[in-house]
Amino acid sequence: MKQNVRFNFVNNAIIQDVTTKDSKQFHINVLGCKNVTFQNFHVVAPQESLNTDGIHIGRSSDIKIIDTTIETGDDCISIGDGSQQVTISKVTCGPGHGISIGSLGKYPDEEPVKGIHVSGCTLKNTQNGLRIKTWPDSKPGSASDMHFEDITMENVGNPVLIDQEYCPWNQCKAQVPSRVKISGVTFKGIKGTSSTALAVKLVCSGGLPCENVVISDVDLKYSGPEGPITSVCKNVKPTTSGTQSPLACASTAAPAPAA
């Protein structure tokens, strides 16, 4: 068994005051569950440990993760296809790869992702911040109604990231657009420090551009050697309001996809 704990088809449960340490792969895998709350949960693994996602959620609904600390080597929380009405609140994440929706679109017949609410969280020294990722040349799918609000970043790489050209190890046809439709995304009240100059990266599909993306009150600072803090947009025209640091869509020419 490579995962420390699996919750398969569990309904109406509260899991609290539990520590999971040094899993071989995912610490917690949640599949086919309904109305399950994780509270005062603690995940511990070395920063360099591969594929040790803290909590992975798939094909589940009404899942809550609250008052939780996750220190790991991969995504603190990863949200797979079929996840609906997921609430993540007062979670401290880091080290790790941040809070991720996806990657989506790799397999046929993936179910929609809908109703993801992340609020009041702190990310520290993570490789990524708030990330939505889909494969290029993907199978059809959708992800909608996703909201990130009141998030504090401390030395976080890629704090705000939509990446529909996610192609690790270049094992995909990066030039073929993703067929996962992303819509209804809000980034609001995002503050703190970025470890990369490119702090806001919204790279959407050329075949199905992102729709109804809102960037509001983003106040990020960067003081490293890469130059001034900046942002990039591709195949998306976000609605902006309030503080904009960096200025949203400072560039519309996206860089090459990161591995």
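This is a predicted model, so every value here is computed, not measured.

A word on the overall build of the protein
In step 1: In terms of helices and strands, the protein carries zero helices and 19 strands.
In step 2: Here the protein has a C-alpha radius of gyration of 17 Å; the compact-globule value for 259 residues is 18 Å, and the two agree.
In step 3: When its C-alpha atoms are laid out on the principal axes, the protein stretches across 45 × 40 × 30 Å.
In step 4: Put simply, the protein has 259 residues, and 51% of those count as buried.
In step 5: At a minimum sequence separation of 6, the contacts of the protein that also span at least 24 residues come to 73%.

Describing the state of the cysteines
In step 1: By the definition in use, this model includes four disulfides.
In step 2: One disulfide in the model links C204 with C210; its S-S distance is 2.0 Å. Taking the sign of the S-S torsion, about -100° here, the bridge from C204 to C210 comes out left-handed. Note on accessibility: C204 and C210 belong to one class, buried.
In step 3: Two residues share a disulfide in this structure: C233 and C249, whose sulfurs sit 1.9 Å from each other.

Let's talk about the confidence of the model for the protein
Caution applies to low-pLDDT regions: their predicted coordinates should not be interpreted in detail.
In step 1: In this model, the protein carries a mean pLDDT of 95, and residues with pLDDT of at least 70 account for 97%.
In step 2: Across residues 254-259 the pLDDT falls below 50, and counting only partners more than four positions away or on other chains, this stretch makes 13 contacts in the model.

Some thoughts on the pattern of salt bridges
In step 1: On inspection of all chains with the given rule, the structure shows eight salt bridges.
In step 2: With its nearest N and O atoms 2.9 Å apart, the salt bridge here joins D81 to R59. Of this pair, D81 sits in the loop between β7 (77-79) and β8 (84-93) while R59 sits in the loop between β5 (55-58) and β6 (61-71), and the two are 22 residues apart along the sequence.
In step 3: Salt bridges linked by common partners bring R59, D81 and E111 together as one network.

Quick word on the nonpolar core
The tendency in soluble globular proteins is for nonpolar side chains to be buried side by side.
In step 1: Residues F38, I88, F187 and L202 are the most contacted members of the largest nonpolar core, which totals 56 residues.
In step 2: When residues no more than four places from it in sequence are discounted, the contact partners of F38 are F7, I15, I28, V30, I63, K64, I65, I66 and T68.

Description of the side chain of T122
In step 1: Relative to the elements of secondary structure, T122 occurs in strand β11 (residues 122-124).
In step 2: Excluding residues that lie within four positions of it along the chain, T122 makes contacts with V91, T92, C93, T152 and E154.

Regarding the UniProt feature "active site" (unreviewed entry) in the protein
In step 1: With numbering aligned to this structure, UniProt lists the feature "active site" (unreviewed entry) at H97.
In step 2: Accessibility expressed as a relative area gives 18% for H97, which makes it buried.
In step 3: Here G73 takes part through its backbone oxygen, which lies 3.2 Å from a polar atom of the side chain of H97.

Some details on the sheet that holds strand β9 (residues 99-104)
In step 1: Read from one edge to the other, the open sheet built from nine strands follows the order β1-β3-β5-β7-β9-β12-β14-β16-β18, with strand pairing classed as parallel. Single-partner strands in this sheet number two, and they are β1 (5-8) and β18 (230-234). Across this sheet, the average inter-strand angle for adjacent strands is 15°, counted without regard to direction.
In step 2: Where strand β12 (residues 130-134) lies against strand β14 (residues 160-163), four bridges are found, and the strand directions are parallel. Along β14, the bridge assignment pairs K133 with D163.

As for the environment of D163
In step 1: Mapped onto the elements, D163 comes out in strand β14.
In step 2: Overall, D163 belongs to the buried group, its relative accessible area being 6%.
In step 3: Sequence separation between D163 and I55 is 108 residues; the distance between their C-alpha atoms is 21 Å.
In step 4: Setting aside anything within four residues of it in sequence, one finds D163 in contact with I132, K133, T134 and V203.

Brief notes about the packing of aromatic side chains
In step 1: All chains considered together, the criterion is met by four aromatic pairs.
In step 2: On the basis of an interplanar angle of 85° and a centroid distance of 5.3 Å, the ring pair of F38 and F41 is categorised as edge-to-face. In this structure, F38 and F41 share a single accessibility class: buried.
In step 3: A centroid spacing of 5.1 Å and a plane angle of 5° characterise the contact between F148 and F187, whose relative ring orientation is stacked.

Rules used in this analysis
Residues numbered from 1 in each chain as written. Predicted model: local features only at pLDDT ≥ 70, side-chain atom pairs only at ≥ 80, totals over all residues. Heavy atoms only, no water. Helix = DSSP H or I, 4+ residues; strand = E, 2+ residues; numbered from the N terminus. Rg over C-alpha atoms; globule rule 2.2 N^0.38 Å. Buried < 20%, exposed > 50% of the residue type's maximum accessible area, 1.4 Å probe, protein only. Contact = heavy atoms within 4.5 Å. Disulfide = S-S within 2.5 Å. pLDDT = per-residue confidence, 0-100. Salt bridge = Lys/Arg side-chain N within 4 Å of Asp/Glu carboxyl O. Core = buried A, V, L, I, M, F, W, Y, C linked by side-chain atoms within 4.5 Å. UniProt positions renumbered as here; feature names shortened; annotations may be inferred. Polar contact = N/O pair within 3.5 Å; in protein donor to acceptor, adjacent residues only side chain to side chain. Pairing = 2+ DSSP bridges. Axes fitted to C-alpha atoms, helices over the stretch in contact; angles between N-to-C directions. Phe/Tyr/Trp six-rings, centres within 6.5 Å; stacked < 30°, edge-to-face > 60°.

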